[in-house]
Every structure is written in C-alpha cells, then in structure tokens.
Amino acid sequence: MHITVIGAGRMGMAHIETLASLPGVGELSIADRDADRARAAVDQIAANRIPAHATTRARAVPVDAAFADRADGLVIVAPTSEHADLVIRAIDSGIPVFCEKPVAENVSRTRLVVERWAGATVPVQIGFQRRFDPGYVSARAALQAGDLGSLRRVHLVTGDPKPPAAEYIPTSGGIFRDCSVHDFDILRWVTGLEVDYVFAAGVNRGAEFFGAAGDVDEVVAMIGLADGTLATLQASRYNGAGYDVRMELAGTTAQITVGLEERTPIRSAEAGVAFPTGKPWPDFQSRFQTAYRREMETFLDVAAGTVPSPCTPQDALAALYIAEAADLSRREHRPVMLAEVGGSRP
Ligand SMILES: NC(=O)c1ccc[n+]([C@@H]2O[C@H](COP(=O)([O-])OP(=O)(O)OC[C@H]3O[C@@H](n4cnc5c(N)ncnc54)[C@H](O)[C@@H]3O)[C@@H](O)[C@H]2O)c1
C-alpha cells in the first residue's frame, strides 16, 4: 500500500517508524510544512536509523502532493489546530484517513468534521490508541463476558512524569481535553456506557505557566454513567514516579485492573510484597508501543476497506463533550450534565 504521513514531529516520527516496519506498506510518502523535517525522516530510513521493511520505499513530498497523489491512506500527525482542515481535505479527495487525536481544537470545528464525514463514504479513524492496548482489550472482553458480574465502579488514572513544554500548554485545550480525553474515550469504549454528568476539581501546584494559560496540573473528577455506574478519575502533570496509566473496574463478583504490571510506577506499603519490581514506564511512547503498532496495522485494513473504522470522528466528539463538561465543572465548582455542553446520549 502507499501511505502518506503528514507531520514529521514528535508523534509523526513514531508513526513513521511503525509504518516503515509494516510489511503491508510498500511506499511511504512523508510531508511536513517544514520540508527539512520530511527529508530528515526519509534520510533516517535510508541510513537505517529507522529500520524499515525490506521492500518499503520512502520519499519526501510537499503537503499538497499528499492529496494530489491519491495514496491508499493518509496519516495526519500535524498539530491539532491543522487537523480539521486536513481531514476535510482528505475526505473531499476520497482518501481514507487516520488522524491523531483530537479531531480539532474545539467542539464547533470537531462538529464540522463529523458532519462532513457523516455524509461521505471515506473511512476516518481517530488516534485513541488505548483501544488497541492489550490490557484495555481484555478488560472490555471480561466485562462483556460477564466475568465481573454487574459493573458498579470504575477508577481511571493518568499520570505524566513531567509536564510538557511551556509553549505547548496555551494551545493544548487544558488537561481534560489534552490528556484525560484518552480516559474519557476508553471509559466509553470499555464499558459501552455513555456519560451523564461530571463533577471535577483541579489545582495548579506546579509551574506558573499552567495558571497563566487558565489550566491546572492536578485534577480529579467524579463521572456518572448512564446505567448508574460511578467512575472516578485523576490526572497529573507531575507524577514523578513514572508514566502511570491504569483503569480499575469493580463488579459485583470480581475486579480487574488495566496497567497493573511489572512496570507500573507504584510500590506496595505491605511487608513482603515486592510486586511490581520493573523499571517504571518513562513515557507514553514506550507504554503504548504495542497499541500504536496495532492501531497502524488496523488503519491499513481500514484503508483497504476490509474493516470499519474502530474509532470514528463521532467517538472523538463524544469524548470531547465529556472533557468540555469536566472543564466547565472544575471552573464553576459544580456538577455539569453533558447535555449542558451539547452532548447527549446518541
Ligand atoms: N495519541 C497520542 O498518544 C498522542 C501523543 C502525542 C501527540 N498526539 C497528537 O499528535 C499531534 C501532533 O503532536 P506532536 O507532539 O507530534 O506535534 P509536533 O509539533 O512535534 O509535530 C507537528 C509537525 O507537523 C508539522 N506541521 C505543522 N503544520 C503542518 C501542516 N499544515 N501540514 C503539514 N505539516 C505541518 C510541523 O512542522 C511538525 O513537524 C497533536 O494533535 C497531538 O495531540 C497524540
């Protein structure tokens, strides 16, 4: 297949590395607004600093060529503010598209993409990679098989070991839209339940640039799900112990935890308990390596038309509404129904 990647930055390079190694990709075109970055990525493949599959040919192309060339699939990893225009251009060009989360920087631009996608036949896959992580996949299967009994409580954790660069924060949308949105998406996907309301709190206890951008760096939230299940969430930009992503599901007969394994950055206070003993995960790239690979493998199938998109713009909009409600709730110190921010049960 011929796949074109748009955006060879931090996340784009990770997807380029994966795509270059997949036997299903014969031709890999790389485009970036900064043409030097695209050329540098191709050079890295040529010099085998990015190991590629034996038959993969890589080349740098201008961004406009990415649409004119009519590749079999487009992978958009440009900054969030560029996503909506690029996805709509891909849909209008009839090219199957994978776009990193989030779909756009706000609800109205996300809705624009959803409307354009809903009227087209072109598949669009959004990059919520946790849906491909083996732990979340098996937790969802256990719940669906009835292994937990009836679901009663869920707890979600995302801890970044250190904050992103100061310049990233003002355009990030804030911690709920930028970071917890992964938890909101996976909560819907694993439980199959929609969210009714959110009651959130947040504080700024770290760098001043969070506060200056109207953002916070430590948050908690209580989330009410449609069947009455109660969920709690916490997220931090300062989890110095390591990169910590977990989801606990408690049912009437059993409990299961995603992300509790040898590299979980947590230590037991109990005497004689050594687990976990591994080196804590340092970042999202290493923690979700398997998930990112499966996500790209699936996109090749989506682009080939053999499977439907596993994460649509509509799914991304649903997760964004939860983030909107959480942000409003923590600003106004009150519970917010999803309907108040425009979200409603589909
Ligand atoms: N799923 C995840 O876990 C995850 C993790 C990190 C980032 N992301 C998402 O990935 C996206 C990219 O983030 P990043 O950290 O790689 O950003 P980045 O700034 O490192 O890279 C963006 C690249 O896009 C290029 N670019 C800018 N505008 C362009 C345009 N119009 N056309 C072509 N190229 C353009 C820039 O030159 C740069 O090389 C963001 O939307 C972010 O939310 C997702």
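Before going into details, it helps to say that this report is about the structure given with it. (Residues numbered from 1 in each chain as written. Predicted model: local features only at pLDDT ≥ 70, side-chain atom pairs only at ≥ 80, totals over all residues. Heavy atoms only, no water.)

## Comments concerning the overall build of the chain
Within the chain, the secondary structure is distributed over 11 helices and 13 strands. Rg of the C-alpha trace for the chain: 20 Å, near the compact-globule value of 20 Å for 346 residues, within the 12% margin. Viewed in the frame of its principal axes, the chain has a C-alpha envelope of about 55 × 50 × 45 Å. Buried residues in the chain amount to 51% of all 346 residues. Residue pairs in contact within the chain that sit at least 24 positions apart in sequence constitute 72% of those at least 6 positions apart. Of the roughly 15000 Å² of accessible surface on the chain, 52% is carried by carbon and sulfur atoms. Between the mean site of the 34 positive side-chain charges and the mean site of the 43 negative ones, the chain shows a separation of 1 Å. (Helix = DSSP H or I, 4+ residues; strand = E, 2+ residues; numbered from the N terminus. Rg over C-alpha atoms; globule rule 2.2 N^0.38 Å. Buried < 20%, exposed > 50% of the residue type's maximum accessible area, 1.4 Å probe, protein only. Contact = heavy atoms within 4.5 Å. Areas by Shrake-Rupley, 256 points an atom, 1.4 Å probe, with all protein chains shown as cover. Lys, Arg positive; Asp, Glu negative; His and termini not counted. Charge placed at Lys NZ, Arg CZ, Asp CG, Glu CD.)

## As for the environment of Gly-135
By the secondary structure assignment, Gly-135 is in helix 6 (residues 134–144). When the C-alpha positions of Gly-135 and Asp-69 are compared, they lie 38 Å apart, and in sequence the two are 66 residues distant.

## What to know about the nonpolar core
In this structure, Ile-16, Leu-19, Leu-28, Val-198 and Met-247 are the most contacted members of the largest nonpolar core, which totals 99 residues. Other than its neighbours up to four places away in sequence, Leu-19 contacts Ile-3, Val-5, Val-25, Leu-28, Val-75, Met-296 and Leu-300. (Core = buried A, V, L, I, M, F, W, Y, C linked by side-chain atoms within 4.5 Å.)

## Remarks on the side chain of Asp-32
Among the secondary structure elements, Asp-32 is positioned in the loop between strand 2 (27–31) and helix 2 (35–46). For the buried residue Asp-32, which engages in no salt bridge, the nearest side chain bearing the opposite charge is Arg-37, 5.0 Å off. Polar side-chain contacts of Asp-32 include one of 2.8 Å to the backbone nitrogen of Asp-34. Residue contacts for Asp-32: discarding those within four places in its chain leaves Gly-7, Ala-8, Gly-9, Arg-37, Ala-38, Val-61 and Val-63. (Salt bridge = Lys/Arg side-chain N within 4 Å of Asp/Glu carboxyl O. Polar contact = N/O pair within 3.5 Å; in protein donor to acceptor, adjacent residues only side chain to side chain.)

## A word on the packing of helix 1 (residues 10–21) against helix 2
Helix 2 packs onto helix 1 with a crossing angle of 35° between their chain directions and a minimal axis gap of 11 Å. Remark: the crossing between helix 1 and helix 2 carries right-handed chirality. Across the interface between the two elements, Met-13, Ile-16 and Ala-20 of helix 1 pack against Ala-41, Gln-44 and Ile-45 of helix 2. For the contact of helix 1 with helix 2, the per-class residue count stands at five nonpolar, one polar and no charged. (Axes fitted to C-alpha atoms, helices over the stretch in contact; angles between N-to-C directions. Left-handed = near helix turned anticlockwise from the far one by under 90°. Nonpolar A, V, L, I, M, F, W, Y, C, P; charged D, E, K, R; others polar.)

## With respect to the packing of aromatic side chains
What characterises a pair of aromatic rings is the spacing of the ring centres plus the angle enclosed by the ring planes. All chains considered together, the criterion is met by five aromatic pairs. Plain terms: the ring middles of Phe-209 and Phe-210 are 4.9 Å apart, the flat faces sit at 35° to each other, and that makes the pair tilted. Aromatic ring contacts, followed pair by pair, group Phe-209, Phe-210 and Tyr-238 into a single cluster. For Arg-140, the ring lying beneath its charged end belongs to Trp-189, and the centroid distance is 4.0 Å. In this arrangement the basic side chain of Arg-263 is found over the ring face of Trp-281, its NZ or CZ atom lying 4.0 Å from the centre. (Phe/Tyr/Trp six-rings, centres within 6.5 Å; stacked < 30°, edge-to-face > 60°. Lys NZ or Arg CZ within 6 Å of the ring centre and 35° of its normal.)

## With respect to the layout of surface pockets
Size it by volume and the second largest pocket reaches roughly 270 Å³. Forming the walls of the second largest pocket are Met-13, Ala-14, His-15, Glu-17, Thr-18, Ser-21, Pro-51, Gln-285, Gln-289, Tyr-292 and Arg-293. Looking at the lining of the second largest pocket, the elements that each hand over two or more residues are helix 1 and helix 10 (289–304). The element that contributes the greatest number of residues to the lining of the second largest pocket is helix 1, accounting for six residues. Taken together, the residues that form the lining of the second largest pocket break down as four nonpolar, five polar and two charged. (1 Å grid on protein atoms, 1.4 Å probe; cavity = no way out; pocket = protein on both sides within 12 Å on 5 of 7 lines; lining within 4 Å. Points joined across faces, edges and corners; volume = space filled by probe spheres on them.)

## Some remarks on the sheet that holds strand 5 (residues 97–100)
The strands making up a sheet associate through backbone hydrogen bonding, with each pair oriented either parallel or antiparallel. With parallel pairing, the six strands of this open sheet are ordered in space as 3-2-1-4-5-6. Each edge of the open sheet is held by one strand with a lone partner, namely strand 3 (57–60) and strand 6 (124–127). Here the average twist between neighbouring strands, direction ignored, is 15°. Where strand 5 lies against strand 6, four bridges are found, and the strand directions are parallel. (Pairing = 2+ DSSP bridges.)

These values are about where atoms sit, not about what they do.
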